[in-house]
Amino acid sequence: PVYQARLKGAAAVIAVQDNGYGEIDSEALNAQDIAGPKDAPAFSMSRKDAEILKAALKEKPRITVQFDAKSVVKENMLSYNVWGTIPGRSEDMILLSGHYDSYFDGFQDDNAAVAMIIGMAKAMLEGGYRPAHTIVVCAVAAEEWGVSDSKFDWSTGAYNQVFRVHPEWRGHIIADLNFELPAHAHHSRDAIRGTYEYADYFEQFIKQIDVPKKAYPDGITVLYPIETWSDDFSISIAGIPSLVNDFSDGPFMENYYHSQYDNEELYEEPVYRFHHELYLRLILEMDKLVLPPLNFGRMFKAMKESLDEKEILQETENAVIQEKEQSDEVKDNPVHVLESLIDCGIYRADEIYKWIQRVNLEYQNLESKEERKVYREQYSKKGEALLRIYQKT
């Protein structure tokens, strides 16, 4: 918007949030994406200060105002992702992530998340837990910045970690557990938001979870697919199945998000404690797996549900006409052909998921460490193949 205003002749833009974010108080400063090129300055202010300007402009058509603020964006600078590991007994990994850059105090977004992944790692270390998978704890930077000329419109820190810094992680990380704003209840019901392919596994997992009423009176559910709101999106596109504690809707986003009111006054201990216990338990459950529990069927089903026969026929009409001119054969309806292929995908996905469940159960029933080691080695390449399929889909 700032760049567009510059092209239209504006010397600068004053941005005032009106509905959607920062609604808690008229003095809320809400940092949104108003940045533009160097020659198109932008200034964000509160609604209260804006009213003073509006009133002054009513008295005089032209006024002089001095703004006391300075924000400089330096190009091509370094930022740093901070990561460490709890070594496991195999090359496969489970990734815990959260971004450490923030606006104002950034208590919920996202300092509480960084503290949480460190807290879970601390619990495993102090408890003497020896994981089968290497546990990677990663605090990523530059979540609010994107990769130019790409579909990664933000979360460039996460993008760089798995595409450029450690591309070899892809094919070996069975899951990324990413966290955002985890010390606040955004709804009366909690949710794990994950990829299509892990929805079945998560739904089975939450059946064994007792949710404290103080935290979430309506329990917990599973949502899918993931959204572009957080680092798990970049990590997922790299080929690493991802999840995030659902946070992207509700009063927090309207009132406090990206403002000076995101502070420790919003801390809800029952929620934070529950998330520590819930996701630590999920890590321990996933550590019992030898194959990533991917069910590709839900993605195919969503694909089928999204088909619009009229739209597709219109898109393919010219091609079909050209084919008919070249042949006397009556061509099949392309939508029905596509549907039959998708149905085949759903069937195959179901068969593969049953096989994955059977292999994982056999692994868990093995008693000796040596037997499990042999089993992991036997199925390591198949696990990598499944993650390649996930990346493709």
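Residues numbered from 1 in each chain as written. Predicted model: local features only at pLDDT ≥ 70, side-chain atom pairs only at ≥ 80, totals over all residues. Heavy atoms only, no water.

### Let's talk about the nonpolar core
- Core analysis: the biggest nonpolar cluster contains 58 residues, and Leu96, Met120, Leu177, Tyr279, Leu282 and Met286 have the highest contact counts within it.
- The element that contributes the greatest number of residues to this core is helix α8 (residues 269-286), accounting for nine residues.
- Beyond its immediate chain neighbours, meaning those up to four positions away, Met286 contacts Ile94, His133, Ile174, Ala175, Leu177, Tyr198 and Tyr201.
- The next biggest cluster of nonpolar side chains, apart from the first, holds twelve residues, and it includes Met93, Trp169, Ile235 and Ala238. (Core = buried A, V, L, I, M, F, W, Y, C linked by side-chain atoms within 4.5 Å. Buried < 20%, exposed > 50% of the residue type's maximum accessible area, 1.4 Å probe, protein only. Helix = DSSP H or I, 4+ residues; strand = E, 2+ residues; numbered from the N terminus. Contact = heavy atoms within 4.5 Å.)

### Details of the pattern of salt bridges
- Taken as a whole and judged by the stated rule, the model has eleven salt bridges.
- The partner of Arg193 in a salt bridge is Glu227, with the nearest N and O atoms 3.9 Å apart. Taken as a pair, Arg193 in strand β7 (residues 190-194) and Glu227 in the loop between β8 (220-223) and α6 (231-237) lie far apart in primary sequence, 34 residues in all.
- Of the charged contacts, one joins Arg193 and Asp246 as a salt bridge, the two residues approaching to 2.9 Å between their closest N and O atoms. With Arg193 in strand β7 and Asp246 in the loop between β9 (242-245) and α7 (251-255), this residue pair connects regions lying 53 residues apart in the sequence.
- A relative accessible area of 12% means that Arg193 is categorised as buried. (Salt bridge = Lys/Arg side-chain N within 4 Å of Asp/Glu carboxyl O.)

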